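What the coordinates show
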Amino acid sequence: MAEYSVFSLIREGLSGHKGWIRAWRDPEPKKSYDVIIIGGGGHGLATAYYLARNHGITNVAVVEKGWIGGGNVGRNTTIVRSNYMLDGNAHFYEHSLKLWEGLSRDLNYNVMFSQRGVLNLGHSDGQMDAFARRGNLMRLNGIDAELLDREGVRKLYPHLDYSKDARWPIYGGLLQARGGTARHDAVAWGFARGADRRGVDILQNCEVTGFERDGDRITGVKTSRGTIGCGRVGMAVAGNTSRVAAMLGLKLPIESHVLQAFVSEPLKPLIDGVVTYGAGHFYISQSDKGGLVLGGDIDFHNSYAQRGNLPVVENVMANGLAMMPYLSRLRILRSWGGIMDMSMDGSPIISKTPVDNLYLNAGWCYGGFKATPGSGYAFAHTIAHDAPHETNRAMTLERFETGHLLDEGGKGPTPKLH
């Protein structure tokens, strides 16, 4: 497969762009693979890529029930950050952010990663104290953080509501300048192309329907395209984790909820980075096309549907207007929903399971997209070595038995609160 470069772009431009070849193959399933990854989203594709790139394991299949980019990897607000406080999360997400910083070059594919900054607004003295604590812990872990006062925030975003009548007065904020956004489709396509180039088979429209077992070991994966033999199996199916795990008799400490997102009509440049506020749950950025991309809380009822409900729509819009009253004049063009697998402590799971050769990647809550390269890197290591990578040692299933939870938000074992 040819490398993408300015020279290939010029060559194809002069020839009418008739020489481009498929970014990845559409192969028939083999009888068996050394590793089968269930789930062709960002995490599954990244895992397959790093299995081949870092560990030389190329006899790998990624099994996807739909098409590449049709799940959560294409249904999110594209935010990338590593502004976490607890060590178990902070080191993992910082490692992921460092991978993001070199990802386009590594994949030979422009994932459009833009480090425009992520700002968390503070609306009280108590919130500013909490941000100062989190910022200090971030810096102790080698992660960039800057505590801004009210005027510092105003210089960055003069269009927020700084009036005396503001519902949530702005006291300041915590800025991670290295955070930003990436193009979700490009991330999926880049990892798919990169994995394919290293010999991985990507099997689309291939839904898992069951498993063949020999005791505590999986010997085959039953799919809509036939049964495929396997050595090891990695499961990275986001909100459908409980469904697939149930086929193996596993009950996991997660719940599935819908997370909605919205995009407005296009505007001239208005919001340079990502802005969130803590009095409610709202986050907003501006896409390269000019549309404002915004979101908020999950739908609090359990669901496997890729659509949301109107109370959350109303809540997100109300939160946005409280922070940016001028949004009231905008038209919302479309909305979509992703199925979130919410863990009991609000932190992810990258782990071995009670089934000998089954490995689990789940429980990403709101943090799945930003973790894509770090998740694939750590999950590939866990599968290849049958042991966690140093960045996911705190993310195993055993923490729910021993009580060593990663409760970043301090909200206890209630998934919807995270």
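Quick note: structure is the one above.
Right, let's walk through the structure included here. (Residues numbered from 1 in each chain as written. Predicted model: local features only at pLDDT ≥ 70, side-chain atom pairs only at ≥ 80, totals over all residues. Heavy atoms only, no water.)

Side note on the nonpolar core
Threshold: In this text, buried Ala, Val, Leu, Ile, Met, Phe, Trp, Tyr and Cys residues form a nonpolar core when linked through side-chain atoms within 4.5 Å. Note on classification: 1.4 Å probe, protein chains only; a residue is buried when its accessible area is under 20% of the maximum for its type, exposed when over 50%, partly exposed between these limits. Numbering goes from the N terminus for both helices and strands, where a helix is a DSSP run of H or I of at least four residues and a strand is a run of E of at least two.
L45, Y50, F92, W100 and F191 are the most contacted members of the largest nonpolar core, which totals 53 residues. Broken down by element, the residue count for this core peaks at seven residues, all from helix α2 (residues 42-55). In terms of nonpolar packing, the next biggest core, distinct from the first, is built from 28 residues, V237, A245, L250 and V355 among them.

Considering the layout of surface pockets
Heads up, the rule is: Two kinds of site are reported from a 1 Å grid over the protein atoms alone, namely cavities, where a 1.4 Å probe fits but cannot get out, and pockets, open sets with protein on both sides within 12 Å along at least five of seven lines, and residues are called lining when an atom falls within 4 Å of a point. Grid points are joined across faces, edges and corners, and a volume is the space filled by probe spheres set on the points. When residues are grouped by polarity, Ala, Val, Leu, Ile, Met, Phe, Trp, Tyr, Cys and Pro land in nonpolar, Asp, Glu, Lys and Arg in charged, and all others, Gly among them, in polar.
Roughly 640 Å³ of volume is contained in the second largest pocket. Put simply, the parts of the chain that give the lining of the second largest pocket at least two residues each are α7 (184-197), β12 (254-266), β14 (282-286), β15 (291-302) and β16 (332-343). A total of four residues in the lining of the second largest pocket trace back to one element, the largest contributor, which is β12. The residue makeup of the lining of the second largest pocket, split by class, is eight nonpolar, 14 polar and eight charged.

A closer look at the pattern of salt bridges
For clarity, the threshold we go by: The term salt bridge refers to a side-chain nitrogen of Lys or Arg lying within 4 Å of a carboxyl oxygen of Asp or Glu.
Going through the model one piece at a time under the given rule, you end up with 16 salt bridges. In this structure, the salt-bridge partner of R225 is E28, at a minimum N-O distance of 3.6 Å. Linking R225 in the loop between β10 (217-223) and β11 (226-235) with E28 in the loop between α1 (6-14) and β1 (32-38), this pair joins segments that are 197 residues apart in sequence. With a shortest N-O distance of 2.8 Å, D345 and R399 are connected by a salt bridge. Here the residue D345 occupies a position in the loop between β16 and β17 (349-352), and R399 occupies one in helix α11 (residues 399-402), the gap between them amounting to 54 residues. Both residues of the pair, D345 and R399, count as buried. Among the ionic contacts, a cluster of salt bridges with common partners joins E94, E101, D144 and R178.

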